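Each chain is listed here by its residues.
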Amino acid sequence: MTTDYTSMWQELGLDLAGHDALLNVLGTAYTDIYLSQKNRPEGMGYFDFVMSEVHGLRIKELMDEKAAGRKIIGSYCVFVPEEIVLAANATLVGLCSGADFAMEKVEQLLPRNTCALIKSSFGFKIGKVCPYLESADMIVGENTCDGKKKAYETLGTLVDNLYVMDLPQTKTDQTRDLLKAEYMKFKTAVEELTGVAVTPESLKSAIDVVNAKRAAIHRLSALRKADPAPISGLDALLANQVFFYDNPARFTESVNKICDELETRIQEKTGAFPAGAPRILVSGCPQAVPNWKLHMIVETAGAVIVGEESCVGERGTRNLTADTGTTVDEMMDAIVDRYFQVDCAIFTPNPQRLDHIQEMVTAYNAQGVIHYGLQFCQPYLMESIPVEKALEEKNIPCLRVETDYGMEDAGQLKTRVEAFIEQLR
Amino acid sequence: MSSDTTAVRYAGIDIGSRTIKLVVVDSSGKILERFQSDTGFDPMTTANALIAKVSFDKIMATGYGRNLFELSFDAPTVTEIKAHARGAWTEFPDARTVLDIGGQDSKAISLFDTGKVKKFEMNDRCAAGTGKFLEIMAATLGFELAEFGAQALAAEKDLLISSMCTVFAESEVTSLIARGEDRKEIARGLHTSVIRRAAGMINRVSSDGPIVFTGGVAKNPCMVQLLAGRLDREIRIPSDPQLAGAYGAALLAAEARA
Ligand code: SF4
Ligand code: SF4
């Protein structure tokens, strides 16, 4: 990092020693995993920069926004509508964390057998190492899986600005109304926080901003259909991760720029991997920064990941919000309709997710699916078995992986992934 | 490396956690030489010593130490799963299911009729259900590993062992000994619990036909008998079950000659 941000981190109340340690690990991992890749598109320079400044420049920007009277809202789930946040003049950042931190302290508050995602979010809070968390004026929790909803009860004692949103678990007209009511309540809460009322104009423009960001990611995803794949799964995963905390307009512009480059690469048949490399779809639990473990293992073994059926990926970004409404209420309906389609495994039943996986296999020409489950994640691990069965009935090989953020199982995982790739060749 | 005869020789080396195996075949797949050695603390030195004993033209590495070997010798590698599948299928071409229980891993593999891997299951990170588990339990009971299976087989009944975790099972065994239970029956119970787990893995990949049982644990007669009884399927044991991976790797080295 070029600029010294120490005083900013100090003001945010970060634990400087712990934070240094985290940045160190992050920097080393990024160099080893990302910068060592061959045949990367030049446009990835943008993401390299974003990552190098993830706790620096981006936080500085958020602090500047705050100084100018804007509020920052942190969220842990794709069910928190960015449209509403933007329309009320606040900025949304994703908080879900992808690394173990302060685990001994976390395990004094949470059972050991809790998924790594939840533990990590607590570790970042207890260890005081996440500037996004510390700069947030409101933190939104949501009642999704049992782990999360119970964990928020405890998180509420660690932070004074937690807002918990309820979510349905089934999809009927009645539960759609529930979601609408929750989103209306959330809108009011955000309006109260910012002191800015959502208007038809502000909501319309927020919908446009978020749709543009999603459309850019759709364009990037579509380009991954080419063989040779013009971009590695690791790089595409990074774009999907940065989606959650970069400035939306800049993100959209930068992704579109990379897409221009990828289109040229496709024409010239320049790939991140050789043509004919085995193509794999990853499906399952969200992979938050800096959780690059599975992608790294797969791609260093010679296969290319061509899509993520994940909340950090297509499950989270696939649909646009219809821009049909003219009143706030009509637009809120459009927002509810859009989010109600997210096929998270906390829903029961959840057949749309299975359909979506199969559609993605076909669309991206994947030869196999790796189902990614975080250890102790009931919803996704439970769904992994029916997913595997359904895929195998269609002769699509599937490997179920159950792991966490630690590296103790890396050797075993590598063997399984390599054997799976041998199976596809 | 050059050969001293005109025929081309292909080697396969399987660097396992307990033992390193080396097999050399000719271009028709016939085994010319075979060696085995304890892995020890320094796998690469052991591997070096083994390959110094033979001459070959091409070598393929498998086993958990394959990547280390790849770095030192610039040799191609293949996973244990594919290697065992190939070794087992070559000896029993009608086989569609392979169970391999090695030192630290166990896996069940189903095959297409071409010998290609169709699906596999592998134990997770702990030693439950592997050779290591049996080894530790034999030691706890004071049996030589070589006689462990025969002793278990001689028992009249099973003493149920409820834990598969090596650490918990060990204390369970200790308290059974303290209670004065029969050592053979405890041994038998331990074998049964490993088989229960192996059978679960097999059932997830295939439901009928003969099973080729490879890896060091296949030499244990009690394991073989219990497995056959539990699944009611025919069990086939390669002439040297521990060599299946190295043999498969050698065959794959030969195939990759082009
Ligand atoms: S998996 Fe479900 S709970 Fe988790 S971020 Fe996605 S939608 Fe939210
Ligand atoms: S859905 Fe699974 S991975 Fe996500 S927070 Fe819940 S338990 Fe963890």
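Here, every reference points to the structure presented above.
Residues numbered from 1 in each chain as written. Chains lettered and ligands numbered in written order. Predicted model: local features only at pLDDT ≥ 70, side-chain atom pairs only at ≥ 80, totals over all residues. Heavy atoms only, no water.

(A) View of the packing of aromatic side chains. Residues and elements named next belong to chain A. Applying the stated criterion across every chain yields a total of 16 aromatic pairs over all chains. Ring geometry for Tyr30 against Tyr34: centres 4.8 Å apart, planes inclined by 15°, an arrangement best described as stacked. Of this pair, Tyr30 and Tyr34 both sit in helix α2 (residues 16-35), 4 residues apart, which is roughly one turn of the helix. The class for Tyr30 is buried, based on a relative accessible area of 7%. With 6.0 Å between their ring centres and 40° between their planes, Tyr76 and Tyr152 make a pair best called tilted. Of this pair, Tyr76 sits in the loop between β1 (71-75) and α5 (82-87) while Tyr152 sits in helix α9 (residues 146-158), and the two are 76 residues apart along the sequence. With respect to class, Tyr76 is no different from Tyr152; both count as buried. By way of ring pairs, the aromatic residues Tyr46, Phe47, Phe243, Phe244 and Phe251 are connected into one cluster. The positively charged end of Lys225 is found above the aromatic ring belonging to Tyr364, 5.4 Å away from the centroid. Lying over the aromatic face of Tyr339, Arg338 brings its terminal NZ or CZ to 4.5 Å of the ring centre. (Phe/Tyr/Trp six-rings, centres within 6.5 Å; stacked < 30°, edge-to-face > 60°. Helix = DSSP H or I, 4+ residues; strand = E, 2+ residues; numbered from the N terminus. Buried < 20%, exposed > 50% of the residue type's maximum accessible area, 1.4 Å probe, protein only. Lys NZ or Arg CZ within 6 Å of the ring centre and 35° of its normal.)

(B) Just the sheet that holds strand β6 (residues 304-309) of chain A, in detail. Residues and elements named next belong to chain A. Within the open sheet, the 4 strands sit side by side as β6-β5-β7-β8. Their pairing is parallel. Both edges of this open sheet fall to β6 and β8 (398-403), since each of them pairs with a single strand only. Ignoring strand direction, the axes of neighbouring strands in this sheet form an average angle of 25°. Across 5 bridges, strand β5 (residues 279-284) lies against strand β7 (residues 368-374) in parallel orientation. Within β7, the residue paired with Leu281 across the bridge is Val369. Sheet strands in contact with helix α18 (residues 378-393) are β5, β7 and β8, and its direction is about 165° off that of β8. (Pairing = 2+ DSSP bridges. Axes fitted to C-alpha atoms, helices over the stretch in contact; angles between N-to-C directions. Contact = heavy atoms within 4.5 Å.)

(C) Here's a closer look at the packing of helix α14 (residues 293-300) of chain A against helix α19 (residues 410-424) of chain A. All names here are of chain A. Their axes nearest at 9 Å, the elements α14 and α19 cross at an angle of 50°. Taken together, α14 and α19 sit at an angle that is classed as oblique. Seen along the crossing, α14 lies across α19 with a hand that is right-handed. On the side of α14, the interface is formed by Lys293, Leu294, Ile297 and Val298, while α19 contributes Ala410, Leu413, Lys414, Val417 and Ile421. Here the residues of the contact of α14 with α19 are counted per class, giving 7 nonpolar, no polar and 2 charged. (Parallel < 35°, antiparallel > 145°, perpendicular 65-115°, else oblique. Left-handed = near helix turned anticlockwise from the far one by under 90°. Nonpolar A, V, L, I, M, F, W, Y, C, P; charged D, E, K, R; others polar.)

(D) Local environment of the environment of A:Gly43. Residue and element names in this part refer to chain A. Considering the arrangement of structural elements, one finds Gly43 in the loop between α2 and α3 (44-52). On the basis of relative accessibility, which here comes to 18%, the residue Gly43 falls in the buried class. Between the C-alpha atom of Gly43 and that of Thr415, which follows or precedes it by 372 residues, the distance is 33 Å.

(E) Spotlight on the site of ligand 1. In the vicinity of ligand 1, the contacting residues are A:Cys77, A:Val78, A:Phe79, A:Thr144, A:Lys148, A:Pro286, A:Cys311, A:Cys344 and A:Tyr380. Classifying every residue of the shell around ligand 1 gives 7 nonpolar, 1 polar and 1 charged. (Near = heavy atom within 4 Å.)

(F) Seen up close, the environment of B:Ala11. All names here are of chain B. Structurally, Ala11 is set in strand β1 (residues 9-15). Judged by its relative accessible area of 0%, Ala11 is buried. With 22 residues separating them along the chain, Ala11 and Glu33 place their C-alpha atoms 9.1 Å apart. Not counting residues within four places of it along the chain, the set of residues in contact with Ala11 comprises Leu22, Val23, Val24, Phe56, Lys58, Ile59, Met60, Ala249, Ala250 and Ala253.

(G) Representation of the layout of surface pockets within the structure. Estimates place the volume of the second largest pocket at around 770 Å³. Forming the boundary of the second largest pocket are 30 residues, of which A:Arg400, A:Glu402, B:Glu121, B:Met122 and B:Asp124 lie nearest the centre. Within the residue set of the lining of the second largest pocket, elements represented by two or more residues are α18, β8 and α19 of chain A together with β7 (117-122) and α7 (183-205) of chain B. Residue composition of the lining of the second largest pocket, grouped by class: 11 nonpolar, 7 polar and 12 charged. (1 Å grid on protein atoms, 1.4 Å probe; cavity = no way out; pocket = protein on both sides within 12 Å on 5 of 7 lines; lining within 4 Å. Points joined across faces, edges and corners; volume = space filled by probe spheres on them.)

(H) Up close: the pairing of strand β6 (residues 106-111) of chain B. Residue and element names in this part refer to chain B. For β6, the buried fraction is high: 6 of the 6 residues fall into the buried class. Here β6 shows two buried faces, one formed by Ser106, Ala108 and Ser110 and the other by Lys107, Ile109 and Leu111. Bridge count between strand β5 (residues 97-101) and β6: 5 bridges; the pairing is antiparallel. By the bridge assignment, Val98 is partnered in β6 with Ile109. Here β5 folds back onto β6, and the loop between the two strands holds 4 residues.

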